[in-house]
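Given next are the chains, with one letter for each unit.
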Amino acid sequence: MGAPEPAREKTDREKAIDEWLPVSASRTAKWYYSAFHNVTAMVGAGVLSLPYAMSNLGWGPGITLMLLSWIITLYTLWQMVEMHEMVPGKRFDRYHELGQYAFGEKLGLYIVVPQQILVDVSTCIVYMVTGGKSIQKIIHALFPHQHINLTLCIFIFSSPHFCLSVFPSINFNSLSFISFAAAVMSLTYSTIAWTTSLARGAMPDVSYELRGSSSSANTFNFFNALGDIAFAYAGHNVVLEIQATIPSTPDNPSKKPMWKGVVFAYIVVAICYLPVAFIGYHSFGNLVEDNILLTLEKPSWLITLANLFVLVHVVGSYQVYAMPVFDMVESFLVKSVKLDPSNTLRRTTRVLLVAITMFIGMTFPFFGGLLGFFGGFALAPTTYYLPCIIWLIIKKPKRFSISWWINWICIVLGVILMIVAPIGGLRNIILSAKTYKFYQ
């Protein structure tokens, strides 16, 4: 591919559609908006499973993979930010637009869109389960003798999303306040998780042996743990959409404030992830559950408060991951199907997505297995190696240069992750399903 070609002028209809679609409707965001969105996108359900992932990896591999994932995903996120405005007069506001530039109009859509939809929808499903379990935990703490089934709790969690769906004026930029609240909540409940674990100290009979009952079980659990970590570090799927909300001029391109927000977000990620993973595993060893807050029971008021913070956070996270799906579906309907942009169209598509993710979450509420399966199968490609492939195609670093080697190492590691992690996650889902009664 030669030098980038200047973008063609958009028609009036295309400009009107861009102003209507939720991702490109507003470009007035500040750098700290990107920080809020990135923290909200990354620090979520995944952080609560990291001590469980450590129990399937052990100290050495666990620490290594946690730090390696932080470095690799920060590097690939930098690539995404840099590539947002590589063409003069053009902004790649959506992941698939960047893919189309690298792979071609049709092939780029076929490669990126299914992966991006799978990532966003699967994350929304996991957040449905996370929110439902948090509600269930809160109710159980307040009313110990009152039983409420998880299906009803997931339905309760879905209610605010149905309500938000009927407000057609909500776009990505207008979510900044929700993202700010969610980002504060994520930092707060992560701090509660690791400080409570630290105060409790190591259990008297704590064991750091791998939790599997056999070598084959440990192998599958290792695979699942890789998916847990991949899920925890995945925010790339919405990074271009976040950057699209930031204004840009030739003298002050959007990548400057965006990168500032990303660095801030990754510092917060490290503050949240590493203490939770290492201190939680140190305290409970191989007895830790797939959600650290389920393992912590005392002080009950503090754990209840932490679950409330998780609940607020995943409300915001769900919206951050749902917004690109809304944008893709609405874009397809008005650009390809030629439907007129309207509030009725927007309400219908959004209500349907919420209903679909709610139904799947109710049917398969297996938190640990879902993280491992989707973390490897869906999130690994768009986070660990697809940015590197696009970088090699567009930037064409010199063969065997440092940049060339780094990208190929990330690609190989990402492909391995994509292959093995879903195996462990699927096995955990199957094992959980054996004793599970649907809609219990």
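Below, the structure is looked at part by part. Every value quoted in this text rests on a predicted model; they were computed, and no experiment measured them.

### Overview of the packing of helix α8 (residues 150-165) against helix α15 (residues 343-363)
Then comes step 1: Following both chains from N to C, one finds α8 and α15 inclined at 170°, their axes separated by 10 Å at the closest point. Between α8 and α15, the interaxial angle falls into the category roughly antiparallel. The chirality of how α8 crosses α15 is right-handed. Residues Thr 151, Ile 154, Phe 155, Ser 158, His 161, Phe 162 and Ser 165 of α8 form the contact with α15, whose participating residues are Arg 347, Arg 350, Val 351, Val 354, Ala 355, Met 358, Gly 361 and Met 362.
Then comes step 2: Counted by class, the contact of α8 with α15 contains eight nonpolar, five polar and two charged residues.

### Considering a nonpolar patch on the surface
Then comes step 1: A cluster of nonpolar side chains, contributed by Leu 68, Phe 400, Trp 405, Ile 409 and Leu 413, occupies part of the molecular surface with about 490 Å² of accessible area.
Then comes step 2: Per element, the largest residue contribution to the nonpolar patch is three residues, and it comes from helix α17 (residues 402-434).
Then comes step 3: On the secondary structure map, Leu 68 appears in helix α5 (residues 59-83).

### Digging into the nonpolar core
Then comes step 1: Counting residues in each nonpolar core, the largest one holds 114 residues, and the members touching the most others are Met 66, Tyr 273, Ile 292 and Ile 390.
Then comes step 2: No other element matches the 15 residues that helix α14 (residues 300-336) contributes to this core.

### Quick look at empty space enclosed by the protein
Then comes step 1: Using the criterion set out here, one finds one cavity of 30 Å³ or more in the structure.
Then comes step 2: One number sums up the size of the largest cavity: a volume of about 30 Å³.
Then comes step 3: Lining the largest cavity we find His 161, Leu 164, Ser 165, Ile 170, Gln 319, Phe 326 and Arg 350.
Then comes step 4: Of all the secondary structure elements, the ones that give two or more residues to the lining of the largest cavity are α8 and α14.
Then comes step 5: The element best represented in the lining of the largest cavity is α8, accounting for three residues.
Then comes step 6: Tallied by class, the residues present in the lining of the largest cavity amount to three nonpolar, three polar and one charged.

### Digging into the pattern of salt bridges
Then comes step 1: One pass over the structure, following the stated rule, counts eight salt bridges.
Then comes step 2: The salt bridge partner of Glu 82 is Lys 255, with a shortest N-O separation of 3.4 Å. Taken together, the residues Glu 82 in helix α5 and Lys 255 in helix α12 (residues 255-284) connect sequence positions 173 residues apart.
Then comes step 3: The partly exposed category is assigned to Lys 255, whose relative accessible area is 32%.
Then comes step 4: For the salt bridge of Glu 330 with Arg 346, the shortest nitrogen-to-oxygen distance reads 3.1 Å. Placement of Glu 330 in helix α14 and of Arg 346 in helix α15 is noted, with a sequence separation of 16 residues between them. Grouping residues by exposure puts Glu 330 and Arg 346 together as buried.

### A closer look at unusual backbone geometry
Then comes step 1: The backbone phi angle of Lys 338 is positive, close to 70°, even though this residue is not glycine.
Then comes step 2: Positive phi is not limited to glycine here, since Phe 400 has a value of about 70°.
Then comes step 3: When you line up the elements, Phe 400 lands in the loop between α16 (367-395) and α17.

### Points about the side chain of Thr 349
Then comes step 1: Residue position: Thr 349 is located in helix α15.
Then comes step 2: Looking at Thr 349, the relative accessible area reads 13%, which means it is buried.

### Some words on the environment of Gly 414
Then comes step 1: Its location among the elements puts Gly 414 in helix α17.
Then comes step 2: It is 35 Å that separates the C-alpha atoms of Gly 414 and Val 334, two residues lying 80 residues apart in sequence.

### Some words on the packing of helix α9 (residues 176-200) against α14
Then comes step 1: Across the interface, α9 lies against α14 with an axial gap of 8 Å and an inter-helix angle of 145°. The hand of the α9/α14 crossing is left-handed. Contact with α9, carried on its side by Ile 178, Ser 179, Ala 182, Ala 183, Met 185, Ser 186, Thr 188, Tyr 189, Ile 192 and Thr 196, involves Leu 302, Ile 303, Ala 306, Phe 309, Val 310, Val 312, His 313, Gly 316 and Val 320 of α14 and no other residues of that element.
Then comes step 2: Residue composition of the contact of α9 with α14, grouped by class: 13 nonpolar, six polar and no charged.

### Quick look at helix α10 (residues 215-232)
Then comes step 1: With 18 residues, α10 should reach 26 Å at 1.5 Å per residue; the first-to-last C-alpha distance of 26 Å fits that figure.
Then comes step 2: Within α10, 13 of the 18 residues are buried, leaving the element largely enclosed by the surrounding structure.

### Overview of α14
Then comes step 1: Over its 37 residues, α14 extends 53 Å from the first C-alpha to the last, a length consistent with the 54 Å expected when each residue adds 1.5 Å.
Then comes step 2: Helix geometry: α14 is bent most strongly at Ala 322, by close to 30°, with proline Pro 324 lying one to four residues after it.
Then comes step 3: Counted residue by residue, α14 has 28 buried out of 37 residues, so it is predominantly covered.

### Digging into the packing of aromatic side chains
Then comes step 1: Counted according to the given criterion, the structure contains 18 aromatic pairs.
Then comes step 2: Between the aromatic rings of Trp 59 and Tyr 281, the centroid separation amounts to 4.7 Å while the plane-to-plane angle is 55°, which identifies the pairing as tilted. Here Tyr 281 lies in helix α12 and Trp 59 lies in helix α5, a separation of 222 residues in the sequence.
Then comes step 3: Accessibility expressed as a relative area gives 0% for Tyr 281, which makes it buried.
Then comes step 4: Residues Tyr 208 and Tyr 281 carry aromatic rings whose centres are separated by 5.3 Å and whose planes lie at 70° to one another, so their mutual orientation is edge-to-face. Of this pair, Tyr 208 sits in the loop between α9 and α10 while Tyr 281 sits in helix α12, and the two are 73 residues apart along the sequence.
Then comes step 5: Members of the aromatic cluster, each reached through a chain of ring pairs, are Trp 31, Tyr 32, Tyr 33, Phe 36, Phe 180 and Phe 264.
Then comes step 6: Positioned over the ring face of Trp 20 is Arg 346, at 4.1 Å from the centre of the ring.
Then comes step 7: The positively charged end of Lys 395 is found above the aromatic ring belonging to Trp 391, 5.4 Å away from the centroid.

Criteria and cut-off values
- Residues numbered from 1 in each chain as written.
- Predicted model: local features only at pLDDT ≥ 70, side-chain atom pairs only at ≥ 80, totals over all residues.
- Heavy atoms only, no water.
- Axes fitted to C-alpha atoms, helices over the stretch in contact; angles between N-to-C directions.
- Helix = DSSP H or I, 4+ residues; strand = E, 2+ residues; numbered from the N terminus.
- Parallel < 35°, antiparallel > 145°, perpendicular 65-115°, else oblique.
- Left-handed = near helix turned anticlockwise from the far one by under 90°.
- Contact = heavy atoms within 4.5 Å.
- Nonpolar A, V, L, I, M, F, W, Y, C, P; charged D, E, K, R; others polar.
- Patch = residues over 30% accessible without salt bridge, like charges linked within 9 Å, V, L, I, M, F, W, Y side chains within 5 Å.
- Areas by Shrake-Rupley, 256 points an atom, 1.4 Å probe, with all protein chains shown as cover.
- Salt bridge = Lys/Arg side-chain N within 4 Å of Asp/Glu carboxyl O.
- Core = buried A, V, L, I, M, F, W, Y, C linked by side-chain atoms within 4.5 Å.
- Buried < 20%, exposed > 50% of the residue type's maximum accessible area, 1.4 Å probe, protein only.
- 1 Å grid on protein atoms, 1.4 Å probe; cavity = no way out; pocket = protein on both sides within 12 Å on 5 of 7 lines; lining within 4 Å.
- Points joined across faces, edges and corners; volume = space filled by probe spheres on them.
- Expected span 1.5 Å × (residues − 1).
- Bend = angle between axes of the 7 residues up to and from the residue.
- Phe/Tyr/Trp six-rings, centres within 6.5 Å; stacked < 30°, edge-to-face > 60°.
- Lys NZ or Arg CZ within 6 Å of the ring centre and 35° of its normal.

Geometric descriptors of this kind do not, in isolation, establish any biological role.
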